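Working through the structure, step by step
These are the residues of each chain, in order.
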Amino acid sequence: MEEKKTKETKYIFITGGVLSSLGKGLASASIGALLEARGVKVTIQKLDPYINVDPGTMNPFQHGEVFVTDDGAETDLDIGHYERFTSAKMRKINNVTTGGIYYSVIQKERRGDYLGGTVQVIPHITDEIKDRFITVKGDYDVVICEIGGTVGDIEGLPFLEAIRQFRLEMGRRNIIHIHLTLVPYIKSSDELKTKPTQHSVRELREIGIQPDILLCRTDRFLSPDLKKKIALFCSVDKDCVITARDVETIYELPLTLHQEGLDKIIVDLLGLPTKEPNLTMWERIVEKIKSPQTSVVISVVGKYVNLKESYKSLNEAIIHGGIENNATVNIDWIDAEEIERRGPETLLSNVDGILIPGGFGRRGIEGKISAIQYARENKIPFFGICLGMQCAVIEFARNVGNLKEANSSEFAPDTPHPVIDLLSDQDAKGDKGGTMRLGAYPCQLKKNSFAYKAYGKREIYERHRHRYEFNNKYRLQMEEAGLSISGISPDGNLVEIIEIEDHPWFIGGQFHPEFKSSPMNPHPLFREFIKMAIENRDRRRTG
Ligand code: GLN
């Protein structure tokens, strides 16, 4: 480690205790937001203790959404929170997993880089972990680093050991440890309990990490006495015991933590001279979410609808579209197979807009296609994302283009009309792995299209994560039947956006716009979709 480099950047390590799902990712993102509001340049990194090299291959039912970055990394969904809360741009290096660490250590070992030495968790794995901290530094003032999992998990130990060593090497002034724990309210005794926090901090101290700040997740404010008690038992300054109270909307978290003085404590501990934070933007966002002028109902017809974590960014992007239109959006999550069983009119007749998200595999496809037909024929604003766009092409080909058996070769490899297909060079490889189109790609928009009206410019960049594409063999035929191709790659080869013109608003995009939406910059397509849904609702009411 170069001395010069290590002096420049300060680090905040965030660990979690007691149980998972306490909101460590959101806490990390909110700390990022608060520091940015003070003019500090931050980035956020997540270290995940699982052995998968990245979450790309993990089932959304188990792991929630895979968030895709501009550089095509398939990352943990917390990375999405980091981008939504801060202006930091996430890249591959922002998400490190145990699998990724071992993978590179083993590659080095095979290359002989260790010169015949025995390769061990300490120092080789821990050194590799520490190297990743360095890589992410760039020109940031502060790197916030969230350690996935809960203290006490076997697989988290190498990460904790690495951050313990790192503080020794970098000095106390340059690194702080924040620990998120739970302070549960017990109804029968009408009390908040501190014991789980005490145990969790003890566990952390056993491995040599003394937290500087405790974020106590709770449903009510901690009294000064309670804070004093926690401070005493956990050897933490009492001002550094922070109430992390439940919030109505996640975008309120930076404000709540600021009221507790968290950002001031952090900059003081790190010796960072900063101005008072400007939080007007966050206040405005929260105000808009809490006092909307109107509300709309959007149906999301998908496959993982029982597990909202699988559609995290989508859910947030819809909320952002609502913020921009001063509206609360009530999302009606509908299982596509339910549409197959009960028909689209039973489930969709009272909705203001219909959205079909991305997905993989054939289950529920026919339900999605009939939902799209219903949206097209009944002039309900429609937004198809990735798989949703592909299904819209299939629906159009079948019911307007007269290709009754049109399909995607993903679901029907023998279809006579693969309107959605692998590109020919992908076919030749015969290998699906590694052939996904991942990350940001440019797209040129046709003037006067719905898309152009939304974006207000000709060239856009959107993030992709899919294997199949619109099959160019059918392009002319589809256009003649009335499908408008309003977004294409600059070389003209890839169809990126389709629309139906004789409709209030019908768009399908081959990319995932939800990954680029934030509460401060709602994505144009979500903004327009919600606006059209509100207009549709008004039309129905007056009509
Ligand atoms: N399954 C489709 C494909 O691989 C769509 C993927 C997606 O919606 N992200 O092309």
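Residues numbered from 1 in each chain as written. Predicted model: local features only at pLDDT ≥ 70, side-chain atom pairs only at ≥ 80, totals over all residues. Heavy atoms only, no water.

For the chain, the count of helices and strands is 21 helices and 23 strands. Its C-alpha atoms give the chain a radius of gyration of 25 Å, near enough to 24 Å, the size a compact globule of 543 residues would have. Counting only C-alpha atoms, the chain reaches 75 × 65 × 45 Å along its principal axes. The proportion of buried residues among the 543 residues of the chain is 58%. A fraction of 74% describes how many contacts in the chain between residues 6 or more apart in sequence connect residues 24 or more apart. Of the accessible surface of the chain, which amounts to about 22,800 Å², a share of 49% is contributed by carbon and sulfur atoms. One finds the centroid of the 71 positive side-chain charges in the chain at a distance of 3 Å from the centroid of its 77 negative side-chain charges. (Helix = DSSP H or I, 4+ residues; strand = E, 2+ residues; numbered from the N terminus. Rg over C-alpha atoms; globule rule 2.2 N^0.38 Å. Buried < 20%, exposed > 50% of the residue type's maximum accessible area, 1.4 Å probe, protein only. Contact = heavy atoms within 4.5 Å. Areas by Shrake-Rupley, 256 points an atom, 1.4 Å probe, with all protein chains shown as cover. Lys, Arg positive; Asp, Glu negative; His and termini not counted. Charge placed at Lys NZ, Arg CZ, Asp CG, Glu CD.)

Let us look at the pattern of salt bridges. In the structure shown here, the tally under the stated rule is 39 salt bridges. Among the salt bridges present, the one from Asp-127 reaches Lys-130, with a minimum N-O distance of 3.5 Å. With Asp-127 and Lys-130 both in helix H6 (residues 121-136) and 3 residues apart, the pair spans about one turn of that helix. Judged by relative accessible area, which is 5%, Lys-130 ranks as buried. Close ionic contact of Glu-260 with Lys-227 constitutes a salt bridge, the shortest N to O distance being 2.8 Å. Note that Glu-260 is positioned in the loop between helix H10 (253-259) and helix H11 (262-270) and Lys-227 in helix H9 (residues 224-234), a separation of 33 residues in sequence. Of the two residues examined, Glu-260 and Lys-227, each falls in the buried class. (Salt bridge = Lys/Arg side-chain N within 4 Å of Asp/Glu carboxyl O.)

A separate point is helix H21 (residues 524-542). When the terminal C-alpha atoms of H21 are compared, their 27 Å separation across 19 residues agrees well with the 27 Å that a helix rising 1.5 Å per residue should span. Those residues of H21 that sit buried are Pro-524, Leu-525, Phe-526, Glu-528, Phe-529, Ile-530, Met-532, Ala-533, Ile-534, Asn-536 and Arg-537. (Expected span 1.5 Å × (residues − 1).)

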